[in-house]
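Observations on the three-dimensional arrangement
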Amino acid sequence: MTGRGVAVVVAAIATIAGTGAAAASAATTYVCPLTIGAVCDGPLSGSVHGDVVTGDGYGFNLSGNGAAGYVQVDNSGTIPMGKFPISFSVEVKGVGVPSSSVGDYDVVRGTPAGNWKIEVVAKNNRTTARAACFFKGVSGKATAAGGPDLNTRQGQWTTITCTNTGSAVELRVDGVLVKRVAVTTGTIPNPGPMLLGAKNTVGGDQFSGYARNIRIDIP
């Protein structure tokens with residue numbers, strides 16, 4: 001079901017061109033393929049910890065050798081989060097329903113306070129697994145959860161996208177808007193590091209499943 005792995009973090013600059021005579025605006029995109037290769041490519045740097053495995057994505061295991069697997073991106077605090085829209089996405093596969101001992105799965109997490117997260121949460125008396133987004137800023141916070149039951153999609157890749165527009169938190173699953181919560185969070189504190197797959201501590205919120213193609217888009 002789940003396993004261990006190697007990760008790649010690649011940063012790319014994407015230019016979004018305007019129309020007509022309008023001036024072009026620049027956006028920055030960070031991509032974490034989480035496939036075989038170097039752990040991190042500039043400008044980010046990261047390292048692999050614990051129980052992980054590489055397949056066509058990056059597998060994170062809760063049992064294995066007993067050490068929860070995760071990737072730690074140490075200099076993610078250089079990613080500015082004061083302008084909007086901010087968007088995060090990740091592809092997941094092999095995701096079951098989080099147990100009561102785990103609580104929920106953190107797939108991508110900003111630390112130390114978890115001010116922004118892509119999660120998988122248990123719903124309907126822990127019979128279904130749903131995607132969730134969380135943003136907490138200097139003036140507000142919100143969680144958006146919903147979409148299809150990921151427990152029924154264990155054999156296929158599903159893309160979860162979380163967007164903070166500045167006035168709302170939006171959750172999309174495979175490109176379809178499934179939840180929108182009106183909120184003004186203000187600037188998102190982001191001291192880092194960014195964790196992929198689990199917390200860097202024991203306890204809940206460890207992720208069991210596969211992840212790849214983590215993407216962060218900022219203005």
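Source: prediction; values computed, not measured.

1. Quick notes on the overall build of the chain
- Regarding its fold elements, the chain presents zero helices and 16 strands.
- Counting only residues that meet the buried cut, the chain has 51% of its 219 residues in that class.
- Taking all contacts inside the chain whose residues are at least 6 apart in sequence as the whole, residues at least 24 apart take part in 65%.
- Carbon and sulfur atoms form 52% of the exposed surface of the chain, whose accessible area is close to 9000 Å².

2. Here we look at the side chain of S76
- Relative to the helices and strands, S76 is located in the loop between strand 6 (70–73) and strand 7 (86–93).
- A polar atom in the side chain of S76 sits 3.3 Å from the backbone oxygen of V73.
- Setting aside anything within four residues of it in sequence, one finds S76 in contact with L44, N190, G192, P193 and M194.

3. With respect to empty space enclosed by the protein
- Counted under the stated rule, the structure contains one cavity of 30 Å³ or more.
- Lining the largest cavity, in full, are V92, K93, G94, V95, L150, R153, Q156 and T158.
- Looking at the lining of the largest cavity, its residues break down into three nonpolar, three polar and two charged.

4. Digging into the confidence of the model for the chain
- Summarising the model, the chain shows a mean pLDDT of 82, and 81% of its residues fall at 70 or more.
- Taken together, the stretch residues 1–24 has pLDDT below 50 and engages in 89 contacts with residues farther than four places along the chain or on a different chain.

5. A look at the packing of aromatic side chains
- Counted by the stated rule, this structure contains three aromatic pairs.
- A ring pair is formed by F88 and F135, whose centres lie 5.9 Å apart and whose planes are at 40°; its orientation type is tilted. One end of the pair, F88, is in strand 7; the other, F135, is in strand 10 (residues 128–136), and 47 residues separate them in sequence.
- Here Y105 and F207 contribute two aromatic rings whose centre-to-centre distance is 5.7 Å and whose plane-to-plane angle is 75°, an arrangement assigned as edge-to-face. Of this pair, Y105 sits in strand 8 (residues 104–110) while F207 is found in the loop between strand 15 (194–196) and strand 16 (209–218), placing the two residues 102 residues apart along the sequence. Across this residue pair, the class does not change: Y105 and F207 are buried.
- A connected cluster of aromatic rings, assembled from ring pairs, spans F88, W116 and F135.
- Geometry around F134 places K117 over its ring, the cationic atom sitting 5.1 Å from the centre.

6. A short note on the pairing of strand 12 (residues 158–164)
- The element strand 12 is largely enclosed, with a buried count of six among its seven residues.
- As paired elements, strand 7 and strand 12 share seven bridges and run antiparallel to each other. Each bridged residue has a counterpart across the sheet, and for I86 the counterpart in strand 12 is N164.
- As defined by bridge partners, strand 12 adjoins strand 13 (residues 168–173) across five bridges and the pair is classed as antiparallel. The residue bridging T161 from the neighbouring strand is R172, located in strand 13.
- Between strand 12 and strand 13, which follow one another and run antiparallel, lie three residues, and G166 among them has a positive phi close to 105°.

What counts and what doesn't
- Residues numbered from 1 in each chain as written.
- Predicted model: local features only at pLDDT ≥ 70, side-chain atom pairs only at ≥ 80, totals over all residues.
- Heavy atoms only, no water.
- Helix = DSSP H or I, 4+ residues; strand = E, 2+ residues; numbered from the N terminus.
- Buried < 20%, exposed > 50% of the residue type's maximum accessible area, 1.4 Å probe, protein only.
- Contact = heavy atoms within 4.5 Å.
- Areas by Shrake-Rupley, 256 points an atom, 1.4 Å probe, with all protein chains shown as cover.
- Polar contact = N/O pair within 3.5 Å; in protein donor to acceptor, adjacent residues only side chain to side chain.
- 1 Å grid on protein atoms, 1.4 Å probe; cavity = no way out; pocket = protein on both sides within 12 Å on 5 of 7 lines; lining within 4 Å.
- Points joined across faces, edges and corners; volume = space filled by probe spheres on them.
- Nonpolar A, V, L, I, M, F, W, Y, C, P; charged D, E, K, R; others polar.
- pLDDT = per-residue confidence, 0-100.
- Phe/Tyr/Trp six-rings, centres within 6.5 Å; stacked < 30°, edge-to-face > 60°.
- Lys NZ or Arg CZ within 6 Å of the ring centre and 35° of its normal.
- Pairing = 2+ DSSP bridges.

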